[in-house]
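Letter by letter, the chains look like this.
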Number of protein chains: 2
Amino acid sequence: MKKSIGAETIIYPTPVLVVGTYNAEGEPNVMTAAWGGICCSSPPCVAIALRKATYTYGNIVQQGAFTINIPSEKHARCADYFGIVSGKRVDKFDVSGLTPVKSALVNAPYIEEFPFALECKLIHQIEIGLHTQFIGEILDIKAEEGVLDEKGKLDIEKVRPIFYAPGANTYYRMGEFLGEAFSIGQEVKKN
Amino acid sequence: MKKSIGAETIIYPTPVLVVGTYNAEGEPNVMTAAWGGICCSSPPCVAIALRKATYTYGNIVQQGAFTINIPSEKHARCADYFGIVSGKRVDKFDVSGLTPVKSALVNAPYIEEFPFALECKLIHQIEIGLHTQFIGEILDIKAEEGVLDEKGKLDIEKVRPIFYAPGANTYYRMGEFLGEAFSIGQEVKKN
């Protein structure tokens, strides 16, 4: 028998997504957002939801482009910082010491030091309420050689991503391998 | 210097979302989806992207409601199973031995044995491509007493959620506590 705990915005895990954009003057900015995720396989798309009040909101509307940068454990402090201060007041690249790299595909910067980044072209903008959802088509992923496996694919155990727990406002490390998808459920099927 | 690895649908972490619906005859179904997440704080909303070919797609369009059930580690096999077979052919509740509970708020079932479930009313449907995104307003969360802390809030360390790594198609456990959000970044700010 379950208990009502109210209409909270909680799912586990929630990602830590660092959104890279340029302003009208071509100055790079990054902000951290938790509301987002992959939303289509073909065309490959990612969704990110932002408040209108954010600096990044205006940048995405203006440029029609953004990057999604995924932090490793070692970038947790910077990723958290990018969600605390606004690019309206501070040059977050300068303060953090991280390096913006201009994407060759879209007019948005990605973070050189983070393990990988999705380069996205804005294709939909949906007004939901406090948050506006931007859907971007993923044109490419740029990744560090050091987080790829021998076949050139992303290796999550090398990336060591972090995730966010809404409500408690805490970050967690990734844990151990649990099993293969589309496989461990076969046991249930056979029963 | 980053390397291009192509337009893959990969972010880490990706959630394991078990979507509960009723068909026209009021028969309960569940399917597992990876493309989704919270997308608005006010009204509280969650997005879930599904292929038109799924049984759940038709159920959501027809009922205008769904639940999102979050599995614990111990439910990983069932959650995987729910993504392998279609409700068109199989009664997944019957095969898995899990129990559907009718939500009192929306016309959709949640899973009694899973730690918590979001009860959602469909408010937007966005055609993206292979996937259609459904945005549901979260009317309430129903949770097991055993996964709440002393203040009655969800405790992620009691839930022990799992996450999915797209590309490799693998599941991972949650790891250790890393730090407080809106806090560990203050160190960067001061530098």
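Every chain's residues receive numbers from 1 upward, in the order its sequence appears when written. Going through the entries in the order they are written, you letter the chains from A and number the ligands from 1. Under the rules for a predicted model, residues below a pLDDT of 70 receive no local features and side-chain atom pairs below 80 are neither given nor counted, while totals for whole chains, interfaces and linings still include all residues.

Trainee: Where do I start with the overall build of chain A in this structure?
Mentor: Only runs of H or I of at least four residues qualify as helices and only runs of E of at least two qualify as strands under DSSP, and these elements are numbered from the N terminus. Within chain A, the regular secondary structure consists of 5 helices and 12 strands. At 18 Å, chain A has a C-alpha radius of gyration in line with the 16 Å of a compact globule built from 191 residues. Taken along the three principal axes of its C-alpha coordinates, chain A extends 60 × 45 × 35 Å. Here chain A, with 191 residues, has 53% of them falling under the buried criterion. C-beta atoms are first placed from the backbone for all residues, and any pair lying within 7 Å is then listed as a contact. In chain A, the proportion of contacts linking residues at least 24 apart, taken out of those at least 6 apart, comes to 61%. We take the radius of gyration over the C-alpha atoms and set the globule estimate at 2.2 Å times the residue count to the 0.38 power. With C-beta atoms placed from the backbone, the exposure class of a residue follows from how many other C-beta atoms lie within 10 Å of its own: 20 or more, buried; 12 or fewer, exposed; in between, partly exposed.

Trainee: How do you make sense of the environment of T67 of chain A when you look at a structure like this?
Mentor: Residues and elements named next belong to chain A. The topology assignment puts T67 in strand 6 (residues 65–70). Along the sequence, T67 and C78 sit 11 residues apart, while their C-alpha atoms lie 16 Å from each other. Every residue in contact with T67, bar those within four places of it in the chain, is listed here: G20, S103, A108, P109, Y110, A117, L118, E119 and C120.

Trainee: Looking at this model, I keep getting lost on the interface of chain A and chain B. Mind explaining?
Mentor: On the side of chain B, 91 residues touch chain A, which itself brings 91 residues to the contact. Ranked by residues supplied to the side of chain A that touches chain B, first place goes to strand 12 (residues 170–180) of chain A with 11 residues. Across the side of chain A that touches chain B, the residue classes tally to 53 nonpolar, 22 polar and 16 charged. Criterion used throughout: strands pair if DSSP finds at least two bridges between them. Inspection of the sheet shows strand 1 (residues 3–4) of chain A paired to strand 10 (residues 131–143) of chain B by 2 bridges, in the antiparallel sense. Bridge pairing links S4 of chain A to K142 of chain B in strand 10 of chain B. Amino acids are sorted into nonpolar (Ala, Val, Leu, Ile, Met, Phe, Trp, Tyr, Cys and Pro), charged (Asp, Glu, Lys and Arg) and polar (every other residue, Gly among them).

Trainee: What am I meant to see in the sheet that holds strand 11 (residues 162–165) of chain A here?
Mentor: As a general point, the strands of a sheet are linked pairwise by backbone hydrogen bonds and lie either parallel or antiparallel. Pairing within the open sheet is antiparallel, and its 4 strands lie in the order 11(A)-12(A)-12(B)-11(B). What marks the edges here is a single partner per strand, and that holds for strand 11 of chain A together with strand 11 (162–165) of chain B. When the angles between neighbouring strand axes are averaged without regard to direction, this sheet yields 45 degrees. Relative to strand 12 of chain A, strand 11 of chain A is paired through 4 bridges, and the arrangement is antiparallel. By the bridge assignment for strand 12 of chain A, Y164 of chain A is matched with Y171 of chain A. Between the N-to-C directions of two axes lies an angle of 0 to 180 degrees, each axis being a line fitted to C-alpha atoms and, for a helix, fitted only over the stretch in contact.

Trainee: Is there a simple way to think about the nonpolar core in this case?
Mentor: Here is a general trend for soluble globular proteins: nonpolar side chains tend to be buried in one another's company. Ranked by internal contacts, the top residues of the largest apolar core, which has 122 residues, are C39, V46 and I48 of chain A together with C39, V46 and I48 of chain B. Not counting the four nearest positions on each side in its chain, I48 of chain A is found in contact with L17, V19, A33, G36, I68 and F134 of chain A. Core membership is restricted to buried Ala, Val, Leu, Ile, Met, Phe, Trp, Tyr and Cys residues, and these are joined into a nonpolar core through C-beta atoms within 7 Å.

Trainee: Whenever I open this one, the relation of the copies chain A and chain B confuses me. Can you help?
Mentor: Each copy of the chain is related to the other by a rotation around an axis and a translation along that axis. Copies are brought into register by a least-squares superposition over C-alpha atoms of residues with pLDDT of at least 70 in both. After a rotation of 180 degrees and a shift along the axis of 0.0 Å, chain A superposes on chain B with an RMSD of 0.0 Å. What we have between these two chains is a two-fold relation. Closest approach to the rotation axis within chain A is made by the C-alpha atom of G175 of chain A, at a distance of 1.8 Å. Here 99% of the contact residues of chain A are again contact residues in chain B; the copies associate through an equivalent surface.

Trainee: Looking at this structure, I do not really get the pairing of strand 9 (residues 116–127) of chain B. What am I missing?
Mentor: In regular strands, side chains alternate between the two faces of the sheet. Residue and element names in this part refer to chain B. As judged from the 6 bridges shared by strand 6 (residues 65–70) and strand 9, these two strands associate in the antiparallel manner. Residue pairing for strand 9: A65 is matched across the bridge by K121. Taken together, the 11 bridges between strand 9 and strand 10 define a ladder with antiparallel strand orientation. The partner of F116 across the bridge, within strand 10, is A143. Hairpin connection from strand 9 to strand 10: 3 residues lie between these consecutive antiparallel strands.

Trainee: For this particular structure, what's the right way to read unusual backbone geometry?
Mentor: Peptide bonds are, in most cases, trans, and in most cases residues other than glycine have a negative phi. In this chain, Y12 of chain A is followed by P13 of chain A through a cis amide linkage whose omega measures -5 degrees. Checked against the element boundaries, P13 of chain A lands in the loop between strand 1 and strand 2 (17–22). Residue N169 of chain B is not a glycine yet carries a positive backbone phi of 55 degrees. By the secondary structure assignment, N169 of chain B is in the loop between strand 11 and strand 12 (170–180).

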